[in-house]
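Observations on the three-dimensional arrangement
Okay, here's what each chain looks like letter by letter:
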Amino acid sequence: MFERVYLDHASTSPLRPEARAALVEQLDRTGDPGRIHAEGLTSRVAVEDARQQVAELLGARPREVVFTSGATEAIAAACWGAAARGAHQVVPAVEHSAVRLAAERHGPVTRVPVDGRGRVAVEDVLAAVCPETALVHVQWGNHEVGTLQPVAEAVAACRERGVLVHVDAAQAAGHVDVDFRALGADLMSVSAHKFGGPSGVGALLVRQGLRLPPLLVGGDQERARRAGLENIAAIAGLGALCGSLAGGGVAADGEEQRRLTQRILDGVADPALGLVVYGDPVGRVPHIVCLGVEGVEPQAVLLGLDRLGISAHSGSACSSESLEPSPVLEAMGVDAHHSLRLSVGWSTTDADVDRLLAVLPTVLADLRALARTQ
Ligand SMILES: Cc1ncc(COP(=O)(O)O)c(C=O)c1O
């Protein structure tokens, strides 16, 4: 019997032991960090230590870190806060639905096209900016095909134009080195569960000096930037994770993830398999590859792999009930109905890749044979 092979880290990555240990330790404690009793102060220390560790890993100042429930909330808060300054937002066509849909809530959105690899041109982003533009979004790395965006150039250009810029780094943090201060972005969203932290926690990084109205109001947690009692245990887990990755851990993990995904790309290169690579095979986040699968429905491929113990995902099949074309692939002008995303992470081994490469050709051959008989 084979153990299961988990190749869906881009959806959510298993909890790393160091994050789990810190999370479990906090779960047994009680204490509102906003209170001045001993329990409250202990929680406050846990949250502030975590803030320091997150800030250090991401090249931010601790005060620039606002803990949220994940990237979706961080993005919604960025969109909400910026909307107080103007109605219009600029959204590259391959942004995550959390960005696309949150931006659309506040007024007109200009969708910026991408090239065949899913990359946006900085000139096109700038051309979409108008006097009413409150916020420009540029994701760091794409969640479906992995393509890296020219974030540094886009951020520099927006800053020069004096327009706020938000970077969705949910698929970058923990996989590539992120330096918020060096990048110069106004806002950045990250999510813990995408790189081995607990689910239900993330952060919005807010550039020092930038004041935006908060999405969640009520208490004055997070310096009145995000109301509601902090998810202390999850925050402690995220902090421990960031602490363990500081000092070169991200680069080392990224290198290993790139080696593993490159093995996948090399292993599926045989034209007889009928697979094409979507996205940029080089300029991509290290942990994601996306394949176009000719002539086979993605659901069938996913179920075939799952039956043989392999977990993967297809952007062409966003929910288990419906078969939707992938907006990312549509924007890239490729077949948006037949894709397979394979994403590795901290727990992925060579044996996992071996198993995938052994099984995938058989799954595809069986499905194609079945299709011919129908
Ligand atoms: C690029 C990107 N942005 C945002 C999100 C939302 O993240 P979260 O699950 O933390 O809300 C995801 C998750 O799929 C993502 O891949």
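Every value quoted in this text rests on a predicted model; they were computed, and no experiment measured them.

**Structural notes on the overall build of the protein**
From N to C terminus, the protein includes 13 helices and 12 strands. Compactness check: the protein gives a C-alpha radius of gyration of 21 Å against a globular reference of 21 Å for 374 residues, within 12% of the reference. Structurally, the protein occupies a C-alpha span of about 70 × 50 × 35 Å along its principal axes. Within the protein, buried positions represent 55% of all 374 residues. Expressed as a percentage of contacts within the protein between residues at least 6 apart in sequence, the contacts between residues at least 24 apart total 71%. With the model as given, the accessible surface of the protein reaches about 15,700 Å², and the carbon-plus-sulfur share is 54%.

**Side note on empty space enclosed by the protein**
Enumeration according to the criterion identifies one cavity of 30 Å³ or more in this entry. Approximately 30 Å³ is the volume found for the largest cavity. Residue lining of the largest cavity: Val145, Leu265, Val277, Tyr278, Gly279, Asp280, Pro281, Arg284, Val289 and Cys290, and that is the complete set. Of all elements in the fold, only strand E9 (275–278) and strand E10 (288–293) reach the threshold of two or more residues within the lining of the largest cavity. Its residues assigned to classes, the lining of the largest cavity shows seven nonpolar, one polar and two charged.

**Points about the domain arrangement of the protein**
For the protein, the assigned domains read domain 1 (5–11 + 248–373) and domain 2 (17–245). Summarising the inter-unit geometry, the C-alpha centres of domain 1 and domain 2 are found 27 Å apart. Counting from both sides, the interface comprises 31 residues of domain 1 and, opposite them, 28 residues of domain 2. Our count for the domain 1 to domain 2 interface comes out at one salt bridge. Across the pair Asp280 and Arg117 runs a salt bridge, and its minimum N-O distance is 3.6 Å. Counting across the domain 1 and domain 2 interface gives 12 residue pairs in polar contact (both at pLDDT 80 or more). The set of elements that each furnish at least two residues to the side of domain 1 that touches domain 2 consists of helix H10 (249–267), E10 and helix H12 (327–332). Partitioned by chemical class, the residues of the side of domain 1 that touches domain 2 number 16 nonpolar, 11 polar and four charged.

**Focus: the nonpolar core**
Soluble globular proteins tend to bury their nonpolar side chains together. Within the largest apolar cluster, 65 residues are counted, with the highest numbers of intra-cluster contacts made by Phe67, Val136, Trp140, Val167 and Met188. Residues from two domains meet in this core; each of domain 1 (5–11 + 248–373) and domain 2 (17–245) gives at least three. Excluding residues within four positions of it along the chain, Val167 makes contact with Val138, Trp140, Val151, Val155, Leu183, Ala185, Leu187, Met188 and Ser189. Listed in part, the 27 residues of the second largest apolar core include Leu7, Leu265, Val293 and Val353.

**What to know about the pattern of salt bridges**
Note that side chains of opposite charge can pair when their charged atoms are close. Applying the stated rule across the entire model yields 16 salt bridges. The shortest N-O distance in the salt bridge between Arg61 and Glu64 comes to 3.0 Å. Residue classification places Arg61 among the partly exposed residues on the basis of a relative accessible area of 30%. On the basis of relative accessibility, which here comes to 3%, the residue Glu64 falls in the buried class. Because the salt bridges share partners, they merge into one network encompassing Glu256, Arg259, Arg263, Asp350 and Asp354.

Basis of the calculations
- Residues numbered from 1 in each chain as written.
- Predicted model: local features only at pLDDT ≥ 70, side-chain atom pairs only at ≥ 80, totals over all residues.
- Heavy atoms only, no water.
- Helix = DSSP H or I, 4+ residues; strand = E, 2+ residues; numbered from the N terminus.
- Rg over C-alpha atoms; globule rule 2.2 N^0.38 Å.
- Buried < 20%, exposed > 50% of the residue type's maximum accessible area, 1.4 Å probe, protein only.
- Contact = heavy atoms within 4.5 Å.
- Areas by Shrake-Rupley, 256 points an atom, 1.4 Å probe, with all protein chains shown as cover.
- 1 Å grid on protein atoms, 1.4 Å probe; cavity = no way out; pocket = protein on both sides within 12 Å on 5 of 7 lines; lining within 4 Å.
- Points joined across faces, edges and corners; volume = space filled by probe spheres on them.
- Nonpolar A, V, L, I, M, F, W, Y, C, P; charged D, E, K, R; others polar.
- Domains from an automatic or database assignment.
- Salt bridge = Lys/Arg side-chain N within 4 Å of Asp/Glu carboxyl O.
- Polar contact = N/O pair within 3.5 Å; in protein donor to acceptor, adjacent residues only side chain to side chain.
- Core = buried A, V, L, I, M, F, W, Y, C linked by side-chain atoms within 4.5 Å.

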